[in-house]
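Residues per chain, in single letters:
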Amino acid sequence: MENLIALLVAAPLLGAAVLLCGGRRLDKTGHWLGTALAAASFVVGLILFTDMLGKGAEDRALHQHLFSWIPVEGFQADIAFQLDQLSMTFVLLITGVGTLIHIYSIGYMEHDERRRRFFGYLNLFLAAMLILVIADNYLLLYFGWEGVGLASFLLIGFWQHKPTAATAAKKAFLVNRVGDMGLSIAIMLMFTTFGTFAFGPVLESAGETSQGKLTAIGLMLLLAACGKSAQVPLQSWLGDAMEGPTPVSALIHAATMVTAGVYLIVRSGAIFNAAPDAQLVVVIVGAVTLIFGAIVGCAKDDIKKALAGSTMSQIGYMILAAGLGPIGYIFAIMHLVTHGFFKAGLFLGAGSVMHGMNDEVDMRKYGGLRKYMPVTFITFGLGYLAIIGFPGLSGFFSKDKIIEAAFAKGGTEGWILGSVALLGAAITAFYMTRVMLMTFFGEKRWQPDAEGHEPHPHESPRSMTIPMIVLAFGSVFAGGFFAIGDRFVNWLEPVTGYDHGHSPLSAATVTGATVVALVVGVGIAWAMYGRKPVPVVAPRGSVLTRAARRDLLQDDFNHVVLVRGGEHLTRSLVYVDHSLVDGVVNGTAASVGGLSGRMRKLQNGYARTYAVSMFGGAAVVIAATLLMRAV
Amino acid sequence: MSFPLLTATAALPAIGAIATAAVPAARRTAAKWLALLFSLGTLVLAAVVFLRFEPGGDRYQLTESRAWIADFGVRYELGVDGIGVALLGLTALLIPFVIAAAWHDADPLETTSTRWRPTQGFFALILMVEAMVILSFVATDVFLFYILFEAMLIPMYFLIGGFGDRAHTGTDESAAAQRSYAAVKFLLYNLAGGLIMLAAVIGLYVVAGSFSLSEIAEARANGSLEMATSTERWLFLGFFFAFAVKAPLWPLHTWLPNAMGEATAPVAVLITAIVDKVGTFAMLRFCLGLFPEASKWATPVVITLALISIVYGALLAVGQRDIKRLIAYASISHFGFIILGIFAMTSQGQSGATLYMVNHGISTAALLLVAGFLITRRGSRLIADYGGVQKVAPVLAGTFLIGGLATLSLPGLAPFVSEFLVLVGTFSAYPVAGIIATSGIVLAALYVLVLYQRTMTGPVQESVRSMPDLRARELAVAVPLIAVLIFLGVFPKPLTEVVNPAVEHTMSDVQKKDPQPEVEAAK
């Protein structure tokens, strides 16, 4: 059975290779090939999953060693896979949602002349993401980690002729590279500490080193997670990443890739468990981001950017939960999976709306669409109810558990984190209701596009609506299915460990508070956007609104300090190199050997003569030496 | 005596050079094919060397030894170790691509000209450089190495000064002046380095009484040759200076951007991917091998300079407006990594540095040769003159991107393996230096992606609208290089196998042991 693991990666990798190198011949069939290979990977995942279910909880992990990657003295890096319950969860999510989004893209990208290439990139992404989650060591994980970064770069910048898309792609890659620095340093620290960076040995002997070392490793891993998962302070790229085609936003920048940071932290649980300081920083990052993202989400009029803010915020929840240790690991992953369903569904719904509205993204120019796009409305609506945590739907179970776990952390910390998580739930309810109302309810505020075409909203083709329906199904039922009988807890517990913690509040109280937060959030949004008509031109807004529209000024800070500062730095260095370094070295040489005079002469055309005479001289010397030998 | 395989490998391109130069003026195309054929023959011989080399065997293999200048104990002594094999392989691999990429670079401006001879000269010079570089990688006699180290400047000088990039701004006269300035600067910098090295070579002979690497090493090992600390240091500095100019190490780097900017792209590849490697190769073989104590003494300074090179080179690359100068500064940054790995003196660092030399050669060749195709099409080296190329020439843009991704060390492509080894090797011995060097991975992404964005993406510029995509000859250059990059990125074992034992020898030369991990993890 373990020999099948490599097949998970091989199928989409083959697809990427064929589609990207295949040329125009494949333009007509390429998307089917890409979709079929994604589905094949999903089927392999299902076979492995069934097999895994048939085994006892403790010996479910499978290993497959392919070959030694970098064999160097004292350094062992392998291409080897490990498939345990945690990896399995990701494999199913990635290939399942991935396949749905391939299907959706067939319709969504129908009129794009580079559709074949798009599917090639999507396949490449799947392969890299699968490597990331089934690697059995940190270096191979890093391979997948950067691979998804590349796929993300290519897909954000898919419409490269748009300067904004090209800039967004570059920004995403660069910000991620800052995080990658963290991952590199973490791996180097592991190597000097443990002599290896394979999961097994590192995680088993994590307790044998000093807490300081573990804290350092933990913080570096967190830096990496912040980059990939768009957490403060490396979150700035995610909003811009919405320049990519919408299926990409759904798959990569909502459901899968951006959750890689959560995977990294949960996978490295043994390190974080022994490094409470690092854990504290993790929960702070999570808590800050969950509020940050939510605030940004409230202010954006661009439907995708509002959803991107929401993604940031929801991943903040997951990071927060992961920072809680064994109390939270399982719920971080559970929320990750349910979020994968409803956020992918919401993005696909947004894409469907844009498809029907001449690619308009400004929600102020939507309104009243529920009658024109009933399937989109219903599936989006179910996703909406799931994300705000409407009782009984997926998000309710997973988010509620995280809020409970935050309180269960205990002490002042627990109260603060729990309250932040509750506040976040209220804001989530607010901004998502706002999106819902502005898009599907109220008056029509439709505007003709730049070329003067009036929008004629219509339901999307079946290839697009079916994935939305499937995802809506997951948004409704997945949470309940996981929560009933503690199925999800029992499934992951052998890998991540589990601890109930000591909640000062009863579960019922927390649930009650969550529902109150939900009602308050929805109520305020209704009062602001449901009862009153929505202006087509955004009002000026308060200072906070204006700041939130600009991503709480973080981008402006980056621009002034990093971009402008960097430009000045490089420009002055170019000057220094030209006049100072070059000048000083030339000058020193000149003063030593009087070279400058000669140099000038050489420039005046003597150079060739000089070199020829040198060549002649060398020839004479060689001849002479040969002669000497002969004599 | 068995067949002198190493001599043959070096002699074949030399013979090819003479044969190419002798082709009549009107038969330009024949001369090109002849040069290509000889370079391919050399590649075959290099492959034989690679296969005949036994990783577990003696340190120097396929040895040859003949008396040469008996009065001074100079011998024609050859032999390869794993590092030499790797670099010999790199050289033999790249030259056919350089020749194929340069196919039209030395054509006469008026195609009807029948008396145009420089075409033959151009390809003959390339083969001449190949011969000398190969011989320098296998020379185990210090004097022989020195001669080659200096002699290769001459064909390089003519290649830079005589066959400049036809894409230039300003008048032909000013371009010619810039070109000759670049060529002279190249020559003088390297001559100055060589002169100091010559003094050190003579000094070494005075002290050791021999030029033979193996004899000196043996004498040092059995104690019959004692060097005073100060003598060793002076000699080390003499050698190191020459290699640091060639490598090039900050602040001796300023000749490289001029030379690479003015030369044609294939010649720029010759400079940075091949000839400069002699410098870093020689640091490993001569500085560490002959003067281990002095090398350790100099380590803090060398590591500092290497770190400056890494960061400084990358920042300057970001600030460049000229595509080839940008790549030149990127190379300076990469040479910083190589030197860092060498002087970190750990197994991973040195294996990494050796792989880095090979991988940097291939990745830079891929990026620079494709950049050359781009530049030839538009007739400009300035980044600002491009935009939207991706739309009109997607294959060109794609190969350019892969070359760029290799340059920024993306996992899956060969340079990642070497860069990570260098970083780990450095970090385990000098954690702070390792962390500073890691910043290079962000900066590399910056200069590569900025270059890609400005040239390839965005609205299609009027001047590139009718740009053709890669032709068959150009594809034949780009595709195999990319294939090698992917292969060595996923499966570098064939290379590490030959390099590892050589690194062990160097580690025992400098009497260094790898730092041990704090926790002996459960295996």
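Residues numbered from 1 in each chain as written. Chains lettered and ligands numbered in written order. Predicted model: local features only at pLDDT ≥ 70, side-chain atom pairs only at ≥ 80, totals over all residues. Heavy atoms only, no water.

Under an unreviewed UniProt entry, the name given to chain B is NADH-quinone oxidoreductase subunit M, and the source organism is Streptomyces sindenensis. What UniProt states about chain B under its Sequence similarities (unreviewed entry) heading is, verbatim, "Belongs to the complex I subunit 4 family." (UniProt positions renumbered as here; feature names shortened; annotations may be inferred.)

*Asks:* So what about the nonpolar core? Which residues, and what values?
*Replies:* The biggest cluster of nonpolar side chains holds 427 residues, and the ones touching the most others in it are A:Phe75, A:Tyr138, A:Leu139, B:Phe239, B:Phe243 and B:Phe343. It is helix H11 (residues 265-290) of chain B that contributes the most residues to this core, 17 residues altogether. Those residues in contact with B:Phe243 that lie beyond four places of it in its chain are B:Phe145, B:Phe149, B:Met197, B:Gly279, B:Ala282, B:Met283, B:Phe286 and B:Cys287. (Core = buried A, V, L, I, M, F, W, Y, C linked by side-chain atoms within 4.5 Å. Buried < 20%, exposed > 50% of the residue type's maximum accessible area, 1.4 Å probe, protein only. Helix = DSSP H or I, 4+ residues; strand = E, 2+ residues; numbered from the N terminus. Contact = heavy atoms within 4.5 Å.)

*Asks:* Quick one: what's the story with the side chain of A:His335, residue by residue and with numbers?
*Replies:* When you line up the elements, A:His335 lands in helix H15 (residues 329-356). Take A:His335: its relative accessible area is 0%, and that puts it in the buried class.

*Asks:* Requested: an account of unusual backbone geometry, with residues and values cited.
*Replies:* Following A:Val232, the chain continues to A:Pro233 via a peptide bond in cis, the omega torsion being 10°. Take A:Pro233: it is sitting in the loop between helix H8 (211-228) and helix H9 (236-240). A cis amide bond, omega -15°, links B:Ala247 with the succeeding residue B:Pro248. Phi is positive for B:Met345, which is not a glycine, with a value near 55°. Considering the arrangement of structural elements, one finds B:Met345 in the loop between helix H13 (323-344) and helix H14 (347-378). You can call B:Met345 buried: its relative accessible area is 2%. If you check the backbone angles, B:Gln511 has positive phi at about 50° while not being a glycine.

*Asks:* Would you mind going over the packing of helix H5 (residues 138-156) of chain A against H8(A) in detail, with residue names and values included?
*Replies:* Residues and elements named next belong to chain A. Packing of H5 against H8 brings their axes to within 12 Å, and their N-to-C directions diverge by 20°. When the interaxial angle is binned, H5 and H8 end up roughly parallel. Two packed elements cross with a definite hand, and for H5 against H8 that hand is left-handed. Residue-level contacts link Tyr-138, Trp-145, Val-148 and Gly-149 of H5 to Leu-221, Ala-224, Ala-225 and Lys-228 of H8. Tallied by class, residues from the contact of H5 with H8 come to six nonpolar, one polar and one charged. (Axes fitted to C-alpha atoms, helices over the stretch in contact; angles between N-to-C directions. Parallel < 35°, antiparallel > 145°, perpendicular 65-115°, else oblique. Left-handed = near helix turned anticlockwise from the far one by under 90°. Nonpolar A, V, L, I, M, F, W, Y, C, P; charged D, E, K, R; others polar.)

*Asks:* So what about helix H16 (residues 374-387) of chain A? Which residues, and what values?
*Replies:* All names here are of chain A. The first and last C-alpha atoms of H16 sit 20 Å apart over 14 residues, in line with the 20 Å expected at 1.5 Å per residue. Those residues of H16 that sit buried are Thr-376, Thr-379, Phe-380, Gly-381, Gly-383, Tyr-384, Ala-386 and Ile-387. Against the buried residues of H16 lie helix H14 (303-323), H15, helix H17 (394-408), helix H18 (411-440), helix H19 (462-483) and helix H21 (507-530). Of the residues one or two after H16, Gly-389 is the one with positive phi, at around 85°. (Expected span 1.5 Å × (residues − 1).)

*Asks:* How would you summarise the packing of aromatic side chains if you had to cite specific residues and measurements?
*Replies:* Counted by the stated rule, this structure contains 53 aromatic pairs over all chains. Residues A:Phe377 and A:Phe441 carry aromatic rings whose centres are separated by 5.7 Å and whose planes lie at 75° to one another, so their mutual orientation is edge-to-face. Here A:Phe441 lies in the loop between H18 and H19 and A:Phe377 lies in helix H16, a separation of 64 residues in the sequence. The exposure class assigned to A:Phe441 is partly exposed, which follows from its relative accessible area of 29%. By way of ring pairs, the aromatic residues B:Phe145, B:Phe149, B:Phe239, B:Phe243, B:Phe286 and B:Phe291 are connected into one cluster. Its end group placed over the ring of A:Phe481, A:Arg487 keeps NZ or CZ at 4.1 Å from the ring centre. Stacked on the ring of B:Phe149, the Lys or Arg B:Lys246 has its end atom at 4.1 Å from the ring centre. (Phe/Tyr/Trp six-rings, centres within 6.5 Å; stacked < 30°, edge-to-face > 60°. Lys NZ or Arg CZ within 6 Å of the ring centre and 35° of its normal.)

*Asks:* Break down the pairing of strand S2 (residues 74-80) of chain B for me, citing the residues and quoting the values.
*Replies:* Residue and element names in this part refer to chain B. Counted residue by residue, S2 has six buried out of seven residues, so it is predominantly covered. In terms of strand pairing, strand S1 (residues 61-69) meets S2 through six bridges, oriented antiparallel. Each bridged residue has a counterpart across the sheet, and for Ser-65 the counterpart in S2 is Glu-77. Taken together, S1 and the strand that follows it, S2, pair antiparallel across an intervening segment of four residues, in which Gly-73 is found at a positive phi of about 70°. (Pairing = 2+ DSSP bridges.)

*Asks:* A description of the interface of chain A and chain B should follow, citing residues and the corresponding values.
*Replies:* If you look at the interface, chain A gives 73 residues, while chain B gives 81 residues. At the surface where chain A touches chain B, the tally comes to one salt bridge. A salt bridge links B:Lys391 to A:Glu113; its shortest N-O distance comes to 3.9 Å. Across the chain A-chain B interface, the total number found is 14 residue pairs in polar contact (both at pLDDT 80 or more). Listing elements by their share of the side of chain A that touches chain B, those giving two or more residues are strand S1 (62-72), H5, helix H6 (163-194), helix H7 (199-204), helix H23 (554-593) and helix H24 (595-630) of chain A. Per-element accounting of the side of chain A that touches chain B gives the leading share, 19 residues, to H6(A). Each residue belonging to the side of chain A that touches chain B can be placed in one class, and the counts come to 41 nonpolar, 17 polar and 15 charged. (Salt bridge = Lys/Arg side-chain N within 4 Å of Asp/Glu carboxyl O. Polar contact = N/O pair within 3.5 Å; in protein donor to acceptor, adjacent residues only side chain to side chain.)

*Asks:* Quick rundown of the confidence of the model for chain A? Include the residues and the values.
*Replies:* Chain-level pLDDT for chain A is 87 on average; 93% of the residues reach the 70-or-more range. Highest mean pLDDT in chain A belongs to helix H11 (residues 260-267) of chain A (95); lowest belongs to H24(A) (52). (pLDDT = per-residue confidence, 0-100.)

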